[in-house]
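# A structural walkthrough
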Amino acid sequence: MEKLPFRVLFFRLYDRKIADGTITFSQTGIRKNDFTRLCTEPDFVLDRETVERLRTVMKLTEDEGRALMEAAGYEEREKGEEKE
């Protein structure tokens, strides 16, 4: 997957999942304030826990999830690794 800024990649995935009915906004658990910041602040990135939750809620593929984490600047945790 090409290297994109977090918000560009997020909205590309989010728009597709909303359009195909996979998710609704309320299912994402994103706070409205954070969503607004995603729309208006080019460098805004959601916190790690939110991005990890979105991987599951949005039913992202491994590649999509990995790319989203990388775009957010977070390293992938190994399975079973403790949350910080």
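Remember, predicted model here, so these are calculated numbers, not experimental data. (Residues numbered from 1 in each chain as written. Predicted model: local features only at pLDDT ≥ 70, side-chain atom pairs only at ≥ 80, totals over all residues. Heavy atoms only, no water.)

Let us now look at the overall build of the protein chain. Looking only at helices and strands, the protein chain has five helices and zero strands in total. Looking at the protein chain as a whole, 37% of its 84 residues are labelled buried. Restricting to contacts in the protein chain with at least 6 residues of sequence separation, those with at least 24 account for 60%. A total of about 5,600 Å² of accessible surface is found on the protein chain, and carbon and sulfur atoms cover 49% of it. (Helix = DSSP H or I, 4+ residues; strand = E, 2+ residues; numbered from the N terminus. Buried < 20%, exposed > 50% of the residue type's maximum accessible area, 1.4 Å probe, protein only. Contact = heavy atoms within 4.5 Å. Areas by Shrake-Rupley, 256 points an atom, 1.4 Å probe, with all protein chains shown as cover.)

Turning our eyes to something else, we now look at the environment of Ala71. Residue placement: Ala71 occurs in helix H5 (residues 62-72). In this structure, the C-alpha to C-alpha distance between Ala71 and Pro5, residues 66 residues apart in sequence, is 5.8 Å. When residues no more than four places from it in sequence are discounted, the contact partners of Ala71 are Leu4, Pro5, Phe6 and Leu9.

This paragraph deals with the nonpolar core. With 21 residues, the main nonpolar core has Phe6, Phe10, Leu46, Met58 and Leu68 as its most contacted residues. Of all the elements in the fold, those that place two or more residues in this core are helix H1 (6-19), helix H3 (32-40), helix H4 (48-57) and H5. When residues no more than four places from it in sequence are discounted, the contact partners of Phe6 are Leu38, Phe44, Val45, Leu46, Val51, Leu68, Ala71 and Ala72. (Core = buried A, V, L, I, M, F, W, Y, C linked by side-chain atoms within 4.5 Å.)

So, on to the pattern of salt bridges. This model, assessed by the stated rule, comprises seven salt bridges. Between Glu41 and Arg37 there is a salt bridge, and its shortest N-O distance comes to 3.1 Å. Residue Glu41 is classed as partly exposed on the basis of its relative accessible area, which comes to 32%. Beyond isolated ion pairs, a larger network of salt bridges with shared partners links Glu62, Asp63 and Arg66. (Salt bridge = Lys/Arg side-chain N within 4 Å of Asp/Glu carboxyl O.)

Read these as geometric descriptors, not functional statements.
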